[in-house]
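Observations on the three-dimensional arrangement
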Amino acid sequence: MGKRQPNSCGLGPALEAIGGKWKALLLWQLHKAPARFGELKRLVPEISEKMLIQQLREMEADGLVNREIFAEVPPRVEYSITEFGVELDNALIPLARWGKEYAGRAARPRQGKASALAPQTL
């Protein structure tokens, strides 16, 4: 029998496609509506221009985002999500739901071994 590869469950390639903290957010923004570069920069103000360019190029190469150049003066470029990107974005919805629940739980004090072993104050 062959050795099982770490990416054989599908999570590896999926996480590679959305790796980092920006791609999922950019997909979500583009799922709402196509956007120009400047619009995306305003919608995600924490991202640097260099990182936005890099992430959009990677997502375009992965087939998640379409880049359309309009023959106008000045030239206009618009980014939109592809059908493949919509599939990924839809797959991320349950993960986002889980993340919101986890964030709520993480804000509460833990009830694990550490708190059981902590000295009690009266």
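Our structure's up above, just so we're on the same page.
As a starting point, this report considers the structure included with it. (Residues numbered from 1 in each chain as written. Predicted model: local features only at pLDDT ≥ 70, side-chain atom pairs only at ≥ 80, totals over all residues. Heavy atoms only, no water.)

Some thoughts on the side chain of Thr82
Assignment of secondary structure puts Thr82 in the loop between strand S3 (76-81) and helix H5 (83-107). Within polar-contact distance, the side chain of Thr82 engages the backbone oxygen of Gly63 at 2.6 Å. Side-chain polar atoms of Thr82 contact the backbone nitrogen of Gly85, separated by 3.0 Å. Aside from chain neighbours lying at most four places away, what touches Thr82 is Gly63, Leu64, Val65 and Asn66. (Helix = DSSP H or I, 4+ residues; strand = E, 2+ residues; numbered from the N terminus. Polar contact = N/O pair within 3.5 Å; in protein donor to acceptor, adjacent residues only side chain to side chain. Contact = heavy atoms within 4.5 Å.)

Details of the packing of aromatic side chains
According to the stated counting rule, one finds 1 aromatic pair in the structure shown. The interplanar angle of 10° and the centroid separation of 5.2 Å between the aromatic rings of Trp98 and Tyr102 together place this pair among those described as stacked. Taken as a pair, Trp98 and Tyr102 lie in helix H5 at a separation of 4 residues, close to a single helical turn. Using a relative accessible area of 52% as the deciding quantity, one classes Trp98 as exposed. We classify Tyr102 as partly exposed; its relative accessible area is 43%. (Phe/Tyr/Trp six-rings, centres within 6.5 Å; stacked < 30°, edge-to-face > 60°. Buried < 20%, exposed > 50% of the residue type's maximum accessible area, 1.4 Å probe, protein only.)

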